[in-house]
Amino acid sequence: MALYIGVMSGTSLDGMDIALIEMGARPTLVATHYTPMPAALRAELLGLCASGPDEVMRCALAENRWVELAAQGVNALLAQQQLAPASIRAIGSHGQTIRHEPALGFTVQIGNPALLAELTGICVVGDFRRRDVAAGGQGAPLVPAFHEALFNDDIGYRAVLNVGGFSNLSLITPTSPVAGFDCGPGNVLLDAWIHDTCGELYDRNGQWAASGKVEPILLETLLSDSFFKTKGPKSTGREVFNLSWLKHHLQSLPTFAAQNVQATLLELTALTIVESLKAAQPLTVELLVCGGGAHNGTLMARLAALLPHTTVSSTHAKGVDPDWVEAMAFAWLAHCCLENIPTNRPSVTGARGLRVLGAIYPA
């Protein structure tokens, strides 16, 4: 059976997830490696998400630093498993998103797959999103097809929720093509606010949010954003939801205790997920959560409270570690590209049809 490696660093930019999978009837996680993101590289990648001076040069240098970090992680994983590069059929590398503007016809993920192939000696498949955008799609989310392959066992109405920087849903039923869309901010505003206020990178287990109370006026103001009024296919990113967006809304309102802002942001994440799910698939019997948000006990408890007739659990309940689902997905996407299997879903992205995603860089 073929082995693949998936490389993923999401919008949280806390580090790089590297997953080794074996392709069988269903992909199986074999081993993992996590590489923390250096503070300077994280700051530069965040800076590149907005316009700034000398962007082309800065982007090229940051891209190569990102690839060097990815290659170190891949090589460490190979050493850990005592595997030669030749034993890996391909690396699926998501790259790092720095701009996502499908309405303008483009999305940008830096990650120099050619350099990654050189540094690892392994075939690399990258650039997964642009073909879907070229076909009129959102280019995101791309994981619903993988969620379907991993979790579809004909039990009825199931949903898979990924809560990374942003939250996205995959809707799985026995009789219809998988559907899915971005719901809105996942951890991105929670992380930005606690970092700006307390200097912490994230709110561990949602404890700070739990110490505050929801401010109804602030919540109503945040929910007035036009993104929440649209239905899928839709995707979003830092271009829409960021610290400046939050502070812009705070300027027009009374001053709130910082922990109450955090509590309101957590409620925003939970409500936009739940309302999206209820509108798109009201008979959902099971919600499986993956991504960093699966470790936020306060968020998980709030989702369960808002969905009393739905079983809410992490993907651990199905034997899949929630931290590695996204990295596994891009290893699987590399397999599908090499096998000429379409992996976008028009029901998710709005593309004109099925497309094989990814560009191949041989070893």
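An unreviewed UniProt entry lists the protein chain under the name Anhydro-N-acetylmuramic acid kinase, from Pseudomonas weihenstephanensis. Per UniProt, the protein chain has the following entry under Sequence similarities (unreviewed entry): "Belongs to the anhydro-N-acetylmuramic acid kinase family."

(A) Summary view of the sheet that holds strand β7 (residues 124–126). The six strands are arranged β3-β2-β1-β4-β7-β13 in an open sheet whose pairing can be described as mixed. Each edge of the sheet is formed by a strand with only one pairing partner; in this case those strands are β3 (28–36) and β13 (359–361). Strand-to-strand twist in this sheet, taken as the mean axis angle between neighbours without regard to direction, amounts to 20°. With six bridges joining them, strand β1 (residues 3–8) and strand β2 (residues 15–22) adopt antiparallel strand pairing. What sits directly across from Met8, in β2, is Asp17. Docked against the sheet, helix α2 (residues 55–81) engages β1, β2, β3 and β4 (88–93), running at close to 135° with respect to β3.

(B) Layout of the pattern of salt bridges. Applying the stated criterion to the full structure yields 10 salt bridges. A salt bridge links Arg89 to Glu339; its shortest N-O distance comes to 2.6 Å. Placement of the pair is Arg89 in strand β4 and Glu339 in the loop between α12 (325–338) and α13 (346–349), with a sequence separation of 250 residues. Residue Arg89 is classed as partly exposed on the basis of its relative accessible area of 36%. Salt bridges here are not isolated pairs; linked through shared partners, they connect Asp153, Arg158, Glu286 and Lys318.

(C) Structural detail: the nonpolar core. Counting residues in each nonpolar core, the largest one holds 44 residues, and the members touching the most others are Leu169 and Leu287. Per-element accounting of this core gives the leading share, nine residues, to helix α10 (residues 258–280). Core analysis: the next-biggest nonpolar cluster, separate from the first, contains 34 residues, Tyr4, Val125, Ala327 and Cys336 among them.

(D) Inspection of the environment of Ala43 at higher detail. By secondary structure assignment, the location of Ala43 is in helix α1 (residues 39–47). Since its relative accessible area comes to 47%, Ala43 is described here as partly exposed. Linking Ala43 and Leu13, residues 30 residues apart in sequence, is a C-alpha distance of 9.1 Å.

Conventions we followed
- Residues numbered from 1 in each chain as written.
- Predicted model: local features only at pLDDT ≥ 70, side-chain atom pairs only at ≥ 80, totals over all residues.
- Heavy atoms only, no water.
- UniProt positions renumbered as here; feature names shortened; annotations may be inferred.
- Pairing = 2+ DSSP bridges.
- Helix = DSSP H or I, 4+ residues; strand = E, 2+ residues; numbered from the N terminus.
- Axes fitted to C-alpha atoms, helices over the stretch in contact; angles between N-to-C directions.
- Contact = heavy atoms within 4.5 Å.
- Salt bridge = Lys/Arg side-chain N within 4 Å of Asp/Glu carboxyl O.
- Buried < 20%, exposed > 50% of the residue type's maximum accessible area, 1.4 Å probe, protein only.
- Core = buried A, V, L, I, M, F, W, Y, C linked by side-chain atoms within 4.5 Å.

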